[in-house]
Amino acid sequence: MQQDTLPSSSDMNSPTEDDDMIYIGDVEEVIETFNSGDVEDEDAMEEDPPEQGDAICVFSGHKRGSVFCGAVTKNGKLAATGGEEDKAYVWETSSGKIILDCIGHKDSIIFSEFNYDESYVATGDMNGMIQVWRLADKIRIWDYNMGDATWMKWHMAANILLAGSVDGEIYMWKIPDGDCKVLQGYGCRAETGAIFPDGKRIVVGYENGVLRIIDLKTSSVLSTISSASGHSSTITAIDCHPDNNLILSAAVDGKTIISTSSTGKIISVLQNLNNGEHNNTVNNDEDAESVEGNGDSNWVETAAFCKDPGFQVAATGTVNGEIFIWDIAKQMLRQKIMQESGISKLLWKGNTSVLLSAGLDGILRCYDGKNGECLQSFTGHVADILDLYISENGEKALTTSDDSTARIFDISSLS
C-alpha cells in the first residue's frame, strides 16, 4: 500500500537510512519532533553502554526508570537491586551478570535485600507485594501482598521479615513458614523503622512525628516520644546506637533529636534547622552562621551513628548538602561539611571513622569523620544517587541511581 513519507528538505538531513523511512500522518508533527531531538535510534542507544566512570562494575540490567534500592552480600560478590520498572535482579558484582530475575511484581521495587545468612533474598514493591527467593536453587519460596507498603527490613539475626504500612501497621513474618504477626497501627503512616542491635525491639517513626519503641516478642509499646515534645512532622531518618540505649531521629520539621530507648526521654535536640537553633559550640562566626542551615526548606534526610567504640559520634546529612558530625557525649557539633549537592544517604564504613555520602549530583564522596577531609570522590552516575550500601567486609560500595544504573565502587583502600 502506498503511504506518505517525510518529504526531503534542504534544511534538514534525515537521520535514517533510505531503506528505513519514517512513515507519518502529520508532517508538521514529525518535523517538530526531529527539531526537538526526540527521535533517536533505539538500537544505537541499546548498544551504547553507560560510562564506567570510577566504578569497577556498572549494572545496566534495569532498562528504564530509577533504580530505587540495593544491597550486597557480606563478601560483596552479589548485589540485589530493584527499580521503577517493577523489576528486581540479583547479579554478580564482578561482571554484572544476572543470576536471578525476580519476576512477578506490578509496582516499583522499594526493597531488595539478603537475609542474615544470605540463603534468601527478599524483594518488595510499593503495592505491598513481597516475594522471598531461595538463592541455592533460585526458587520463589514465599510471597504475600500486604497492601501499600512504606519500608521493609530483614531482622539481623533471624529469618524474620518486617514491613511498615501506609495505614500504620507493622507486619512481621517468619520465613519460610509465613507465620504472620501484625503490630497495631495508629491511623498514621509508618514512615520508617529501625531494629535495635539487640534484635529485641524496633523503633518506628510515623508521619505525624511520633516515635514508638516496640517489643518484637510481646508486640507491646515500651515507650513513645510524642509530637508535642519531639518531632512535629514526618520522620525521615532513624538510627539506633550500637549500645542499644540511644535513638537518633530526624524529621521534615528540621529537628535532629537524641532520645533514650528505655524511657523515650529526649536527651538533646541537636539542631532545629528551620528555626536556626543548634546545640553546639562553634569557634568562629563563619561556622556559627553555616550551622543554622539554609532556611525553612531544609531537613535531615539521613542519619547514622558511628560504630567505632573509640569515636562516639553521629552524622546527619541534609537535602541542602550539609553534613554534621555530632559529638554524642557532649551533644555538640564536631564538624560541619558542605558538599555541592543534597544528600540522600550517609553510611559509616564498618567500625571505622570513614563516612560515605551519596549525593544528588551523582557523586559518591568519602570523608574522614574526624577532620572532615574528603578522602575520595567516585564519579560515573549522571543523575541522583538514591541508595547506598556497603559490603560487610568493607571492600565494595553499591549505589543505585535515577540514571537507571547501579554501580560497584572499590572502597577497600579507605580507612
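These numbers were taken from a predicted model, which means no experiment stands behind them. (Residues numbered from 1 in each chain as written. Predicted model: local features only at pLDDT ≥ 70, side-chain atom pairs only at ≥ 80, totals over all residues. Heavy atoms only, no water.)

A. Representation of the overall build of the chain in the model. Helices and strands together make up the secondary structure of the chain, namely 3 helices and 33 strands. When burial is assessed residue by residue, the chain has 50% of its 415 residues classed as buried. Considering only intrachain contacts with a sequence separation of at least 6, the fraction spanning at least 24 residues in the chain is 41%. Summed over its atoms, the accessible surface of the chain is roughly 19,000 Å², and 43% of this surface lies on carbon and sulfur atoms. (Helix = DSSP H or I, 4+ residues; strand = E, 2+ residues; numbered from the N terminus. Buried < 20%, exposed > 50% of the residue type's maximum accessible area, 1.4 Å probe, protein only. Contact = heavy atoms within 4.5 Å. Areas by Shrake-Rupley, 256 points an atom, 1.4 Å probe, with all protein chains shown as cover.)

B. Representation of the pattern of salt bridges within the structure. This structure, assessed with the given rule, holds 7 salt bridges. Of the charged contacts, one joins aspartate 101 and lysine 87 as a salt bridge, the two residues approaching to 3.8 Å between their closest N and O atoms. Taken together, the residues aspartate 101 in strand S5 (residues 98-102) and lysine 87 in the loop between strand S3 (78-83) and strand S4 (88-92) connect sequence positions 14 residues apart. By relative accessible area, aspartate 101 is classed as partly exposed at 32%. For lysine 87, a relative accessible area of 28% corresponds to the partly exposed category. Here lysine 174 makes a salt bridge to aspartate 177, at a shortest N to O gap of 3.9 Å. Taking the relative accessible area as the measure of exposure, lysine 174 reaches 42% and is therefore partly exposed. (Salt bridge = Lys/Arg side-chain N within 4 Å of Asp/Glu carboxyl O.)

C. How the structure looks around the environment of aspartate 148. Topologically, aspartate 148 is positioned in the loop between strand S9 (139-145) and strand S10 (149-154). A residue is classified by how much of its surface remains accessible, and aspartate 148, at 44% relative accessible area, is partly exposed. Taking the C-alpha atoms as reference points, aspartate 148 and serine 165, separated by 17 residues in sequence, lie 6.0 Å from one another. Not counting chain neighbours up to four residues away, the residues in contact with aspartate 148 comprise Met126, Asn127, Gly128, Ser165 and Val166.

D. Seen up close, the confidence of the model for the chain. Counting all residues, the mean pLDDT for the chain is 87, and 84% of those residues have values of 70 or more. Counting contacts from residues 1-45, a segment whose pLDDT is below 50, to residues more than four positions away or on other chains yields 22 contacts. This stretch, residues 281-295, has a pLDDT under 50; its non-local contacts, to residues over four places away or in other chains, come to 25 contacts. (pLDDT = per-residue confidence, 0-100.)

E. Local environment of the side chain of threonine 150. Within the fold, threonine 150 resides in strand S10. Residue threonine 150 is classed as buried on the basis of its relative accessible area, which comes to 16%. Within the local environment of threonine 150, its side chain forms a polar contact with the backbone oxygen of alanine 190, the two atoms lying 2.5 Å apart. Apart from residues no more than four positions distant in its own chain, threonine 150 is found in contact with Ile110, Gly164, Ser165, Val166, Arg189, Ala190 and Glu191. (Polar contact = N/O pair within 3.5 Å; in protein donor to acceptor, adjacent residues only side chain to side chain.)

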